[in-house]
Amino acid sequence: MKKPIGFIGLGNMGKPMATHLLNAGYPLTVFDTRKEAISALVDCGAKPAISAEATASEAETVIMSLPTPETVNEVSLGANGIILGSRVKTLVDLSTIGPRNAQNLSVKLAIEGIQFVDSPVSGGVSGAENGTLAIMLSCPDQEILWLRELLGNIGTVFHVGTKPGLGQSMKLANNLLSATALAITSEAMVMGVKAGLEPNVMLEVINAGSGKNTATLDKFPKAVLTRSFDRGFTNSLMHKDVELFLEQAQSLKVPTSVASAVQKLWQTACSEIGPGADFTTIVQCVENQAGVEVKGV
């Protein structure tokens, strides 16, 4: 019999991850601020909870998948938060909150005897749905086996370090590359289309050559050329991740000239297109200025 798990945050990423744990046989208690999100997991066999505290009173291990550092801190430490739970001993955070926040949260939870596990994920909604996420686990060596068994149900586990914050540093490096690829591909594709090239042909050539990246392989053919803009991640979340990278890099005195330029483009996307719009809409910032549209046939 597998030990009960609590899961908090049933959004685009959290819902499929929680479902994988249910399918793997873990008794699951779930909580989200949206009742319909809870109901969807209850229909799959989960037990509902009325708060984060209640979730942490049902299981020794609680997993979080939440959008912002502020939300993570409130759910962890606030009124009716995880820290008040009567059973919780380990809190596994799959969110992207930055190294400083992870370290601070670890210290505060440790006072109450709760171990914080820094374990952000990458791979997007499709990765969460398919159970193919990259999981950047930072935990003490003695905790690796059972956490690898648990988290292996949602993707591939990479043990990147032993201290809180190292998982976050790995995730921020990854997301900066993803953000940069999407931003620079937008400029390259718009230039080509305005020059007279067909966007489908451009992607064929790029993906056969040295310029291919995650944007040309996935985001442009599936969400930009189709104009569906539906990859499940928002402009504001990507802007947040790039800003967290800049905060960490600057604290380490690492130059950030390229990252700073990427941050400005995402800031423009939030203001011009909208913070809640899909992050693939960043191409529209470039399209609007150039007067062309990158659209498939």
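Since the structure is predicted, the reported quantities are computational estimates derived from the model, not experimental observations. (Residues numbered from 1 in each chain as written. Predicted model: local features only at pLDDT ≥ 70, side-chain atom pairs only at ≥ 80, totals over all residues. Heavy atoms only, no water.)

Asker: Sorry, what's going on with the overall build of the protein here?
Answerer: For the protein, the count of helices and strands is 13 helices and 9 strands. Expected size for 297 residues packed as a compact globule is a radius of gyration near 19 Å; at 20 Å, the protein falls within 12% of this value. Expressed as lengths along the three principal axes of its C-alpha atoms, the size of the protein is roughly 65 × 45 × 35 Å. Across the 297 residues that make up the protein, the buried fraction comes to 51%. Looking at the protein alone, contacts between residues at least 24 apart form 63% of all its contacts between residues at least 6 apart. Here the protein has roughly 13500 Å² of accessible surface; of this, 56% comes from carbon and sulfur atoms. Positive and negative side-chain charges in the protein, numbering 23 and 27 respectively, have mean positions lying 3 Å apart. (Helix = DSSP H or I, 4+ residues; strand = E, 2+ residues; numbered from the N terminus. Rg over C-alpha atoms; globule rule 2.2 N^0.38 Å. Buried < 20%, exposed > 50% of the residue type's maximum accessible area, 1.4 Å probe, protein only. Contact = heavy atoms within 4.5 Å. Areas by Shrake-Rupley, 256 points an atom, 1.4 Å probe, with all protein chains shown as cover. Lys, Arg positive; Asp, Glu negative; His and termini not counted. Charge placed at Lys NZ, Arg CZ, Asp CG, Glu CD.)

Asker: Where do I start with the side chain of Thr256 in this structure?
Answerer: Checked against the element boundaries, Thr256 lands in the loop between helix 11 (235-251) and helix 12 (257-272). Note on Thr256: relative accessible area 12%, which makes it buried. Apart from the residues within four sequence positions on either side, Thr256 is in contact with Phe245, Leu246, Ala249 and Gln250.

Asker: Where do I start with a nonpolar patch on the surface in this structure?
Answerer: Taken together, the side chains of Phe158, Val160, Leu166 and Met170 present a nonpolar region at the surface, about 330 Å² in accessible area. Taken together, the elements giving at least two residues each to the nonpolar patch come down to strand 9 (155-161) and helix 8 (166-195). Its location among the elements puts Met170 in helix 8. Overall, Met170 belongs to the partly exposed group, its relative accessible area being 38%. (Patch = residues over 30% accessible without salt bridge, like charges linked within 9 Å, V, L, I, M, F, W, Y side chains within 5 Å. Salt bridge = Lys/Arg side-chain N within 4 Å of Asp/Glu carboxyl O.)

Asker: Explain the layout of surface pockets here, please?
Answerer: In this structure, the largest pocket occupies an estimated 1100 Å³ of space. Contributing to the lining of the largest pocket are 43 residues, with Met13, Gly124, Gly232, Phe233 and Leu237 lying nearest its centre. Sorting the residues of the lining of the largest pocket by element identifies helix 4 (69-77), strand 7 (121-122), helix 6 (124-130), helix 8, helix 10 (214-224) and helix 11 as the ones contributing at least two each. For the lining of the largest pocket, the class distribution of residues is 15 nonpolar, 20 polar and 8 charged. (1 Å grid on protein atoms, 1.4 Å probe; cavity = no way out; pocket = protein on both sides within 12 Å on 5 of 7 lines; lining within 4 Å. Points joined across faces, edges and corners; volume = space filled by probe spheres on them. Nonpolar A, V, L, I, M, F, W, Y, C, P; charged D, E, K, R; others polar.)

Asker: Please explain the nonpolar core as it appears in this structure.
Answerer: Proteins that are soluble and globular tend to have nonpolar side chains buried together. Ranked by size, the top nonpolar core spans 51 residues in total, and within it Phe7, Ile8, Leu28, Ile82, Leu94 and Leu151 carry the most contacts. Non-local contacts of Leu151, meaning those with residues more than four positions away in its chain, are made with Val92, Leu94, Ser119, Ile135, Leu137 and Val157. Ala179, Leu203, Cys285 and Val292 belong to the second-largest nonpolar core, a separate cluster that totals 34 residues. (Core = buried A, V, L, I, M, F, W, Y, C linked by side-chain atoms within 4.5 Å.)

Asker: What's the story with helix 13 (residues 282-290) in this structure? I'm lost.
Answerer: Along an α-helix, residues three or four apart share an orientation, since each turn contains 3.6 residues. Within helix 13, 7 of the 9 residues are buried, which leaves it mostly tucked inside the rest of the structure. Taken as a whole, helix 13 has its buried residues at Ile282, Val283, Gln284, Cys285, Val286, Glu287 and Ala290. The inward-facing, buried residues of helix 13 contact helix 8, helix 10, helix 11 and helix 12.

Asker: Sorry if this is basic, but what is going on with the pattern of salt bridges here?
Answerer: Two side chains carrying opposite charge are able to pair once their charged atoms lie near each other. In total, this model carries 9 salt bridges according to the counting rule given. A salt bridge links Glu58 to Lys47, with the nearest nitrogen and oxygen atoms 3.0 Å apart. With Glu58 in the loop between helix 3 (52-55) and strand 4 (61-64) and Lys47 in strand 3 (residues 47-48), the pair connects residues that are 11 residues apart, well separated along the chain. Owing to a relative accessible area of 30%, Glu58 belongs among the partly exposed residues under this scheme. When the shortest N-O distance is used, the salt bridge between Lys222 and Asp218 registers 3.2 Å. Of the two residues, Lys222 and Asp218 are both situated in helix 10; the distance of 4 residues between them amounts to about one turn of the helix.

Asker: Looking at this structure, I do not really get helix 2 (residues 35-42). What am I missing?
Answerer: All of the buried residues in helix 2 are Ala37, Ile38 and Leu41. Along helix 2, the residues classed as buried sweep out an arc of 100° about the axis, all on the same side. Opposite the packed face of helix 2, turned more than 90 degrees from it, sit the exposed residues Lys35 and Glu36. Of the surrounding secondary structure, the elements contacted by the buried residues of helix 2 are helix 1 (14-23), strand 2 (28-31) and strand 3. (Arc of directions from axis to C-beta.)

Asker: It is not clear to me how the pairing of strand 4 should be interpreted in this structure. Could you clarify?
Answerer: The side chains of a regular strand alternate, first on one face of the sheet and then on the other. Of the two faces of strand 4, the one lined by Thr61 and Ile63 and the one lined by Val62 and Met64 are each fully buried. As judged from the 4 bridges shared by strand 1 (residues 5-8) and strand 4, these two strands associate in the parallel manner. Residue Ile5 lies in a different strand from strand 4, and its bridge partner there is Thr61. With 4 bridges connecting them, strand 4 and strand 5 (residues 90-93) associate as parallel partners. The residue of strand 5 that forms the bridge with Val62 is Leu91. Taking the sense of rotation as the criterion, the β-α-β connection linking strand 4, helix 4 and strand 5 turns out right-handed. (Pairing = 2+ DSSP bridges. Right-handed = clockwise from strand over helix to strand, strands pointing away.)

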